[in-house]
Amino acid sequence: MTIRVSWGQILAWRLRRQFVSGADGGDAVSVARRLCGVQAQVASSAELAVAVRQAEPERGEVARALWSERTLVRTWLMRGGTLHLVPADELASYCAALATLRFWEKGSWQRGHGVTADEVAAIIEAVPEALKGEPLTREELVDAVVTVTGRTRLREALASGWGALLKPLSRLGELCYGPPREGRVTFTTPAGWLPGWPGELPPYEEAGVRVARAYLGAHGPATPEMFDAWLFGGTARKAVLKGWFGALAPELTEIETDDGLTLLALSEHVDELAAGRPSADVHLLPGFDQYILGAPRTLAPLIPPELKAKVSRQAGWISPVVVHEGRVAGVWERRDGDVVLDLAVPVPAEPLAEAVARLRPLLP
């Protein structure tokens, strides 16, 4: 039996599940767990994404979870290697799922980064050896890899770009960020940094099902293709994706939207989805927020087509957004210490003012 649900109901459900409505997300680890990670290219945006979902945000909580408690970890993960914060005890599953797409083994990728297959293999072998001791800055890690491999030609390739040649190590569970040192990032290994790190990654078949289940629990209902776009950027191996959703099938129910799309929801959430009412609330969310990133940028019920260019900008930049009734109604920015709005549609003045007032003290 297929259940018919409106996009208004779906978006209201996502707002609740993602702790936007209610701001009852608990600690930073709980928020990151529910959201399936928090994108962290811009550290202040990641911290704000956590804070807007908490009743009593605490400055410094994310840093403490990363560097003191080690319950969060920062590393390159989704969509070709964007930086994310994920719970330390879930990193192995993300790595196992993502390692099913070994982009670094493609000749086109190797040529694009000026290395050979043999040199990529040497880097993958050398980095864990180099990181057995204390966390290293990027410069120190490059020096150590050159020393371990004896290949001086690798110095230029490793030192250029945005760490592209190190990203395969993050997917393999061999590299993550360490604590900053004198304003510079450092790298270490999950095995040496995270308490309870397993001896090896879990089977990808099990890991992928866990990740897909968690995704649908926050960003569903959705299609396997939507999941693929979020996790892999739309480049998953089709057989792997089919296997994960096939294994998850007994837990799923088909949902039909009011515009005719057929989506998959976890069966345990269907009653709540069907009984829910569209949201009338107004929320301000930071740049790179998971509420936007968990869905395709072409999803018109979430991002009106006329606003797409303002929300999803050049170089992968995702703007801070104003959300009304679950849908993007405009964007905002911090300017001269205040919040400046750019609305595309009318938004009720009083709830908008309340949303702005709640956001102001959370800004860095």
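Above: the structure in question.
Because the structure is a prediction, the values reported are computed rather than measured.

### Regarding the packing of helix H1 (residues 7-17) against helix H12 (residues 204-219)
(1) Moving on: One can describe the packing of H1 onto H12 by two numbers: an axis separation of 7 Å at closest approach and a directional angle of 110°. Considering their axes alone, H1 and H12 lie roughly perpendicular with respect to each other. Packed against H1, whose contacting residues are Trp13, Arg14 and Arg17, the element H12 presents Leu216, Gly217, Ala218 and His219 at the interface.
(2) Moving on: Class assignment of the residues belonging to the contact of H1 with H12 gives a composition of 3 nonpolar, 2 polar and 2 charged.

### Some remarks on the pairing of strand S11 (residues 321-324)
(1) Moving on: Of the two faces of S11, both are covered, the one formed by Val321 and Val323 as well as the one formed by Val322 and His324.
(2) Moving on: Bridging between strand S10 (residues 282-285) and S11 involves 4 bridges; their strand directions are antiparallel. Paired with Leu285 across the two strands is Val321, which belongs to S11.
(3) Moving on: One ladder, built from 4 bridges, connects S11 with strand S12 (residues 327-335); its direction is antiparallel. Residue pairing in the sheet places Val322 in a bridge with Gly330 of S12.
(4) Moving on: Between S11 and S12, which pair antiparallel one after the other, the connecting turn spans 2 residues, and Glu325 there sits at a positive phi close to 60°.

### As for the packing of H12 against helix H13 (residues 224-232)
(1) Moving on: At a minimum axis separation of 11 Å, H12 and H13 run at an interaxial angle of 105°. By the angle between their directions, the pair H12 and H13 is classed as roughly perpendicular. Between H12, through Gly208, Val211, Ala212 and Tyr215, and H13, the contact on the second element is made entirely by Met226, Phe227, Trp230 and Leu231.
(2) Moving on: Class assignment for the residues of the contact of H12 with H13 results in 7 nonpolar, 1 polar and no charged.

Criteria and cut-off values
Residues numbered from 1 in each chain as written. Predicted model: local features only at pLDDT ≥ 70, side-chain atom pairs only at ≥ 80, totals over all residues. Heavy atoms only, no water. Axes fitted to C-alpha atoms, helices over the stretch in contact; angles between N-to-C directions. Helix = DSSP H or I, 4+ residues; strand = E, 2+ residues; numbered from the N terminus. Parallel < 35°, antiparallel > 145°, perpendicular 65-115°, else oblique. Contact = heavy atoms within 4.5 Å. Nonpolar A, V, L, I, M, F, W, Y, C, P; charged D, E, K, R; others polar. Buried < 20%, exposed > 50% of the residue type's maximum accessible area, 1.4 Å probe, protein only. Pairing = 2+ DSSP bridges.

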